[in-house]
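Listed below, chain by chain, are the residues.
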Amino acid sequence: MNEYVDLSEPEAAAAPATAAVTPADAADAARLVAFGLQPKLQAARDQEYAELLRRYREDPAFARLADAVAAGLGLIVLEVSPRAGMAVTAAEDSVFAVRMGDYARRTSADGSDRFLHGLAHLAVAAMAFPRPEDLADDGYIGRVTVNGVEAFVRQACRRLEERAEAQGENTDPVSDAPGLEAAWRIWIRRSATGATKDARRPAGSTTGIVGKAVVFLTDSGFLQRTGDDNGGTYRTTARYQLQVRDMAGNSAMAELLELGVVPVTDGTPTLLPAEDTDDLELVADAGLPFHQS
């Protein structure tokens, strides 16, 4: 009697089933993104936020789900960590994107001011992180002041004006078309402090414009106010470092640093003295970044 032999191929081992995404998972992922949109919220002070961050790091499926929620809202995830939380930035077409034109219009009806506000934000970033290694070091903290940033921009404007004169370019702006002027030409002709009866700095002065920039960055969780000296002193946050890393390839920022107003030498930047500072008193070390000891 022949013994029956089963020659069929053994049944392949069943692949582990992927857990289906539940409405609760989607809600948790959206909750994490919502936490990320609250820039001043610190995970160390919110247990639910800290737990969702832990889940993101330990559960790849949940991380992909949270990334998808962010992407659907037009957000780019820069980093998810205990130090920065869920750090996100808005893509250009996102409903969360802040337009420079809209930002400038909140403070002035003068269309040329958008150049000045953009230059102020660029200068804060350049002074806070003047070297590539500052951006690479997670422990680095940049420090700036309102007066220091204004002095930095004003001196950079002088350098640009000298360069234009040396190259024979027209440095006399067209009075009836301010929007066509280079940003430095507008800045250097604007009063640094202005004058008000109650000692407030006018919003249209360059110091007022820098003040508006740092307040916006503080409200956005990028800076923290540390004092009132020199128009206001501020320190950078992990979120701001991530944002500046994202824009580090900006050609305008590179050109600003290449002017040499903040020299990159031994890692301790110093503001070079201007030849003529009658219109603005420079404060020693105002607005300069220092290394964390």
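Given the structure is predicted, the values throughout are model-derived calculations rather than measurements.

Colleague: Could you clarify how one ought to interpret the overall build of the protein in this entry?
Modeller: If you tally the helices and strands in the protein, you get eleven helices and five strands. Of all 293 residues assigned to the protein, the portion counted as buried reaches 41%. A separation of at least 24 residues holds for 60% of the contacts in the protein among residues at least 6 apart in sequence. Total accessible area on the protein stands at roughly 16300 Å², and carbon and sulfur atoms take up 52% of it.

Colleague: I would appreciate a short explanation of the side chain of Ser81 in the present structure.
Modeller: As for its position among the elements, Ser81 is in strand 1 (residues 75–81). Given the relative accessible area of 11%, Ser81 is considered buried. For Ser81, the side chain forms a polar contact with the side chain of Glu79, separated by 2.6 Å.

Colleague: Sorry, what's going on with the nonpolar core here?
Modeller: The nonpolar side chains of soluble globular proteins are, as a tendency, buried together. Core analysis: the largest hydrophobic core is formed by 33 residues, its most contacted members being Val124, Val149, Trp187 and Tyr240. Counting 18 residues, the second largest nonpolar core, distinct from the first, contains Ala63, Leu65, Leu75 and Met86.

Colleague: Got a minute to help me understand the side chain of Glu150 in this structure?
Modeller: For Glu150, the location among the structural elements is in helix 7 (residues 146–166). Glu150 gets classed as buried once you look at its relative accessible area, which sits at 0%. Here the side chain of Glu150 touches Arg154 through a polar contact of 2.9 Å, side chain to side chain.

Colleague: For this particular structure, what's the right way to read a nonpolar patch on the surface?
Modeller: The grouping of Leu37, Leu73, Val95 and Phe96 at the surface amounts to a nonpolar patch, some 350 Å² of accessible area in total. Relative to the assigned elements, Leu37 resides in the loop between helix 1 (23–36) and helix 2 (47–58). Of the residues examined, Leu37 reaches a relative accessible area of 33% and is grouped as partly exposed.

Colleague: So what exactly am I meant to see when it comes to the packing of aromatic side chains here?
Modeller: Aromatic ring pairs are reported here in terms of the distance separating the ring centres and the angle at which the planes meet. Inspection of the entire model under this criterion finds four aromatic pairs. The interplanar angle of 25° and the centroid separation of 4.8 Å between the aromatic rings of Phe35 and Tyr49 together place this pair among those described as stacked. Here Phe35, found in helix 1, pairs with Tyr49, found in helix 2; they are 14 residues apart in sequence, far enough to count as distant. One exposure class covers both Phe35 and Tyr49, and it is buried. Between Phe129 and Tyr240, the ring centres sit 6.0 Å apart and the planes meet at 45°, which makes this aromatic pair tilted. Note that Phe129 is positioned in the loop between helix 5 (113–128) and helix 6 (132–136) and Tyr240 in helix 10 (residues 238–247), a separation of 111 residues in sequence. For the pair Phe129 and Tyr240, one class covers both residues: buried. These aromatic residues form a ring-pair network of at least three members: Phe129, Tyr140, Phe222 and Tyr240. Of note, Arg55 hangs over the ring of Phe62, and the distance from its end group to the ring centre comes to 4.1 Å.

What counts and what doesn't
Residues numbered from 1 in each chain as written. Predicted model: local features only at pLDDT ≥ 70, side-chain atom pairs only at ≥ 80, totals over all residues. Heavy atoms only, no water. Helix = DSSP H or I, 4+ residues; strand = E, 2+ residues; numbered from the N terminus. Buried < 20%, exposed > 50% of the residue type's maximum accessible area, 1.4 Å probe, protein only. Contact = heavy atoms within 4.5 Å. Areas by Shrake-Rupley, 256 points an atom, 1.4 Å probe, with all protein chains shown as cover. Polar contact = N/O pair within 3.5 Å; in protein donor to acceptor, adjacent residues only side chain to side chain. Core = buried A, V, L, I, M, F, W, Y, C linked by side-chain atoms within 4.5 Å. Patch = residues over 30% accessible without salt bridge, like charges linked within 9 Å, V, L, I, M, F, W, Y side chains within 5 Å. Salt bridge = Lys/Arg side-chain N within 4 Å of Asp/Glu carboxyl O. Phe/Tyr/Trp six-rings, centres within 6.5 Å; stacked < 30°, edge-to-face > 60°. Lys NZ or Arg CZ within 6 Å of the ring centre and 35° of its normal.

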